[in-house]
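# Report on the structure
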Amino acid sequence: MNIQIVSDAKKTKHDLIVLPFFQGQDIAGIYKKYFGGTLTSPLSSRDFKNKIGRTQLLYTAGDVPSRILLLGLGEQSKFSFAAWRLAVQTAMTALLGLNVENVLIVMPVVKASEATRYLELTAFALTFGAYQFDQYQHATPDEKKTVPNNFYILSKLKGRSANEALAAGQLIGNSANEARDLGNHPANIATPSHLAAHAIALSKKHKFFCRIMNREDIKKEGMGLILGIAQGSSEPAKFIILEYGDKKQPPVVLIGKGLTFDSGGVSIKPSDKMEEMKYDMAGGADVLAIFGAAAGLKLPLHLIGLVPAVENLPSGTASRPGDVLTAHNGQTVEIITTDAEGRMVLADAISFAKKHYNPKLILEYSTLTGAVVAALGNQLTGFFTNTPAVVKNFSDAAKLTDEKFWMLPLEDSYKDQLKSQFADMKNVGERGSAGAITAALFLQNFVGETPWVHFDIAGTAWTTQPKPHLAAGATAWGVYLTMEFLRNL
Ligand SMILES: [Zn+2]
């Protein structure tokens with residue numbers, strides 16, 4: 001997909017115009033301003049209700065181009081980055097069903113200070129919105145959805161910063177789509193070894209350091225929780241280490257949960273929707289995608305990425321409830337349920353990060369608890385931190401990227417729930433009692449005073465049903481948000 005800026009609509013070859021407009025705006029007037037012709041619009045019928053992302057395809061007679069996609073933006077006073085992202089992705093869904101090669105997009109009029117950000121967001125939303133995961137399906141030619149080759153963005157902006165904004169939007173969008181691929185691939189393909197191979201390929205492409213620790217290395221390092229979770233599967237665990245940037249700076253360490261399939265282990269999950277547990281590595285996929293994007297944009301930072309990649313299956317060699325495992329930092333953990341495995345592999349990764357890298361900040365992404373879905377549903381990520389100073393930075397970033405989160409407390413008094421009769425702690429709290437919080441407290445026990453953010457993305461990393469602006473499956477929640485956060489560090 002090529003995306004470029006054009007300044008004159010009439011000099012640009014196109015076979016469809018995307019024409020966004022606000023409630024109450026004179027669409028025929030806008031059309032005339034840019035294209036000169038007369039648009040006999042169906043709007044006078046008032047059939048078109050102008051809501052964000054509402055589209056209507058018009059076939060115009062005689063004129064070139066022959067098609068116009070009206071794109072509703074809702075009320076102008078409520079317009080935002082989030083509204084534009086939603087609108088562009090919805091427009092892209094409408095375009096995928098058409099036989100179109102060259103699309104001209106009219107940019108809405110926005111504040112001059114934000115115009116470049118809107119350009120980046122446009123490129124991101126086009127790339128993200130065009131995503132389809134169909135490589136395991138045989139479609140007939142007329143079922144196949146084609147992505148237009150060329151997008152021409154009608155804008156007064158030009159020069160280096162405008163082109164850089166388009167390139168950044170596409171790069172981050174493509175990185176997010178790579179994370180979605182990893183989440184959507186079935187677990188018999190996207191194994192820990194597959195994640196490791198992907199990490200190696202990414203590191204070669206973007207020229208950063210990558211090391212894969214195998215079972216023996218993990219054992220030597222003393223990461224007993226990872227080994228304990230991995231021992232039920234014949235797929236060997238991999239501990240992926242990435243490093244990018246200026247080693248003289250204290251690093252930001254990104255840690256992602258990489259459970260390539262989570263059956264729950266011996267404490268097996270109900271079978272309803274268990275097939276979706278292939279996305280339990282979404283946090284790990286986020287970290288890999290963020291690394292690709294950060295290196296691609298040459299961010300002036302020192303980043304470490306850690307992904308414990310493991311499969312959790314029941315078998316004759318699997319860990320049992322009641323087993324006691326020793327973590328990387330020497331603490332012992334009693335397994336109450338083998339389905340609380342994510343916090344275990346993350347705990348070892350956190351301890352490893354602290355021992356080897358002296359992080360200035362740990363950002364950790366995990367599809368950690370069903371409890372966070374019960375609390376916040378599928379629109380909001382659970383956000384925990386021991387460093388209140390970063391909350392505003394993430395809130396500001398979310399205004400651009402529309403990845404919403406809600407802060408939940410690290411309530412000290414719930415720590416008692418993790419006391420074990422037989423080990424230093426147990427791996428879950430009381431059933432049905434603040435499960436997202438006690439999972440975060442478990443992790444905090446390993447984090448200590450190091451600044452840290454924990455994103456519980458169990459509800460937001462996956463969407464079961466397709467939406468007008470979003471394909472079903474993995475969502476890469478957190479990739480764009482984190483890129484925006486890191487750029488502003
Ligand atoms: Zn689990």
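Placed above this text is the structure.
On a predicted model such as this, the values are computed, not experimentally measured, just so you know.

## Considerations on the environment of Leu408
The residue Leu408 is located in the loop between β16 (405–407) and β17 (425–426) in this model. Note: C-alpha distance between Leu408 and Asn393 (15 residues apart in sequence) is 17 Å. Ignoring any residue separated from it by four or fewer positions in sequence, one finds Leu408 in contact with Val372, Leu376, Gly382, Phe383 and Phe384.

## Topic: the sheet that holds strand β2 (residues 16–21)
Strand order in the open sheet formed by 6 strands is β1-β6-β5-β2-β4-β3, with mixed pairing between adjacent strands. Only two strands of the sheet have a single neighbouring strand rather than two, namely β1 (2–6) and β3 (55–59). Strand after strand, the sheet turns through a mean of 20° between neighbouring axes, direction not considered. Each of β2, β4 (67–72), β5 (102–106) and β6 (150–154) touches helix α1 (residues 27–35); the most contacted strand, β2, lies at about 130° to it.

## Let's talk about the packing of aromatic side chains
This model, assessed by the stated rule, comprises 20 aromatic pairs. Note on Phe383 and Phe394: the rings are 5.8 Å apart at their centroids and 65° apart in plane angle, and the pair reads as edge-to-face. With a gap of 11 residues between them, Phe383 in strand β15 (residues 381–385) and Phe394 in helix α11 (residues 391–401) connect regions that are remote in the sequence. Residue Phe383 shares its accessibility class with Phe394, and that shared class is buried. One aromatic cluster in this structure is built from Tyr365, Phe383, Phe394, Phe405, Phe455, Trp477 and Phe485. Its end group placed over the ring of Phe128, Arg85 keeps NZ or CZ at 4.9 Å from the ring centre.

Basis of the calculations
- Residues numbered from 1 in each chain as written.
- Predicted model: local features only at pLDDT ≥ 70, side-chain atom pairs only at ≥ 80, totals over all residues.
- Heavy atoms only, no water.
- Helix = DSSP H or I, 4+ residues; strand = E, 2+ residues; numbered from the N terminus.
- Contact = heavy atoms within 4.5 Å.
- Pairing = 2+ DSSP bridges.
- Axes fitted to C-alpha atoms, helices over the stretch in contact; angles between N-to-C directions.
- Phe/Tyr/Trp six-rings, centres within 6.5 Å; stacked < 30°, edge-to-face > 60°.
- Buried < 20%, exposed > 50% of the residue type's maximum accessible area, 1.4 Å probe, protein only.
- Lys NZ or Arg CZ within 6 Å of the ring centre and 35° of its normal.

Shape descriptors only; they carry no functional weight alone.
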